[in-house]
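Spelled out, the chains give:
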Amino acid sequence: MPKISNKGAQMPPSPIRKLVPFAEQAKKNGIKIYHLNIGQPDIETPDTMLNAVKNISLKVIEYSHSAGIESYRKKLTTYYKKFNIDLDYTDLIITTGGSEAIEIAMMSCLDPGDEIIIPEPYYANYNGFSTQADVKVTPVFSSIESGFALPPINEFEKVITPKTKGIMICNPSNPTGHLYTQEELESLRKLVIKYDLWLFADEVYREFCYDNKEYFSIMHLKGIEQNVVMLDSISKRYSACGARIGAFISKNKEVMATALKFAQARLSPPTFGQIAGEAAIDTPPSYFEKV
């Protein structure tokens, strides 16, 4: 019998979903399970999105542009403008969830064998995405004692090698909840300039900032606009995980052209999800206040 690929053997299963068989068995034993293992909000999806899907009058569900429906990309720029992020719609590629945005980022910017530094604890699926892209994740430890603040820059420098090509953060962080400050991100900016690195930021949780702390995006950093790739998703923002809509965002035109080739290979992102995502931008502030 033929053997599976080495990459397939190395591909890590989801450590979160490993818990599912135990939960299922516990339920059969009459035990109540509180599902904290999967990041699925128990919050209703906004009516703006649901009504948009219910009222679709399309006669043909055709391929959209590989970069996403133009009207959606243009409307998304108005959403980011609320956070003082100034974008042209051509700076965005709509993806099949934030997951595909991360995969495309790694494949567009990193070669097999390259290394990417990620502060840990980090989102477990980063391991899977890096395995798919043949990229090695090098962790730097962040401590609960400091509220999972960004590790000191010298800790990053200790693990930088000739193969190090990028740094990835999640801001606010999944799973720690830490919101990186402007000062922390400025320190990364200096590191990116010093070693000519990519800086990737998974910023899907920007609405979830507490204690009057202010969200600061990597898109606000000056002087490294060509090194920056922001990754986004509507899954948690609108409790719409199943819509599978994300975004790949950069002002680097070469990166965008490269990413588009990967987007073209998968043809187009989900049409229904994009329609729902475009409608979601009209969700009133009261929804987020309740959340």
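Preceding this section is the structure that the text describes.
These numbers were taken from a predicted model, which means no experiment stands behind them.

Chemist: Whenever I open this one, a nonpolar patch on the surface confuses me. Can you help?
Modeler: Together, L58, I61 and F272 line one region of the surface with nonpolar side chains, adding up to about 300 Å² of accessible area. Here F272 lies in helix 10 (residues 271-280). The exposure class of F272 is partly exposed, given its relative accessible area of 39%.

Chemist: What exactly am I supposed to notice about the packing of helix 4 (residues 70-81) against helix 10 here?
Modeler: A pair of packed helices can be characterised by two numbers: the angle between their axes and the separation between those axes. Between helix 4 and helix 10, the shortest axis-to-axis distance is 9 Å and the interhelical angle comes to 30°. Judged on the interaxial angle alone, helix 10 and helix 4 are roughly parallel. By crossing handedness, the relation of helix 4 to helix 10 is classed as left-handed. In this structure, helix 4 uses S71, Y72 and K75 to contact helix 10, whose residues at the interface are Q274, G277 and E278.

Chemist: It is not clear to me how the pairing of strand 5 (residues 198-202) should be interpreted in this structure. Could you clarify?
Modeler: The side chains of a regular strand alternate, residue by residue, between the two faces of the sheet. Across the 5 residues that make up strand 5, a large majority, 5, are buried. Of the two faces of strand 5, both are covered, the one formed by W198, F200 and D202 as well as the one formed by L199 and A201. Strand direction decides the pairing type here: strand 4 (residues 164-170) and strand 5, joined by 5 bridges, are parallel. Within strand 5, the position partnered with I167 by the bridge is L199. With respect to chirality, the unit in which strand 4 leads through helix 8 (residues 182-195) into the neighbouring parallel strand 5 is right-handed. Sheet topology places strand 5 next to strand 6 (residues 228-233); 4 bridges connect them, and they run parallel.

So, how was this worked out
Residues numbered from 1 in each chain as written. Predicted model: local features only at pLDDT ≥ 70, side-chain atom pairs only at ≥ 80, totals over all residues. Heavy atoms only, no water. Patch = residues over 30% accessible without salt bridge, like charges linked within 9 Å, V, L, I, M, F, W, Y side chains within 5 Å. Areas by Shrake-Rupley, 256 points an atom, 1.4 Å probe, with all protein chains shown as cover. Salt bridge = Lys/Arg side-chain N within 4 Å of Asp/Glu carboxyl O. Helix = DSSP H or I, 4+ residues; strand = E, 2+ residues; numbered from the N terminus. Buried < 20%, exposed > 50% of the residue type's maximum accessible area, 1.4 Å probe, protein only. Axes fitted to C-alpha atoms, helices over the stretch in contact; angles between N-to-C directions. Parallel < 35°, antiparallel > 145°, perpendicular 65-115°, else oblique. Left-handed = near helix turned anticlockwise from the far one by under 90°. Contact = heavy atoms within 4.5 Å. Pairing = 2+ DSSP bridges. Right-handed = clockwise from strand over helix to strand, strands pointing away.

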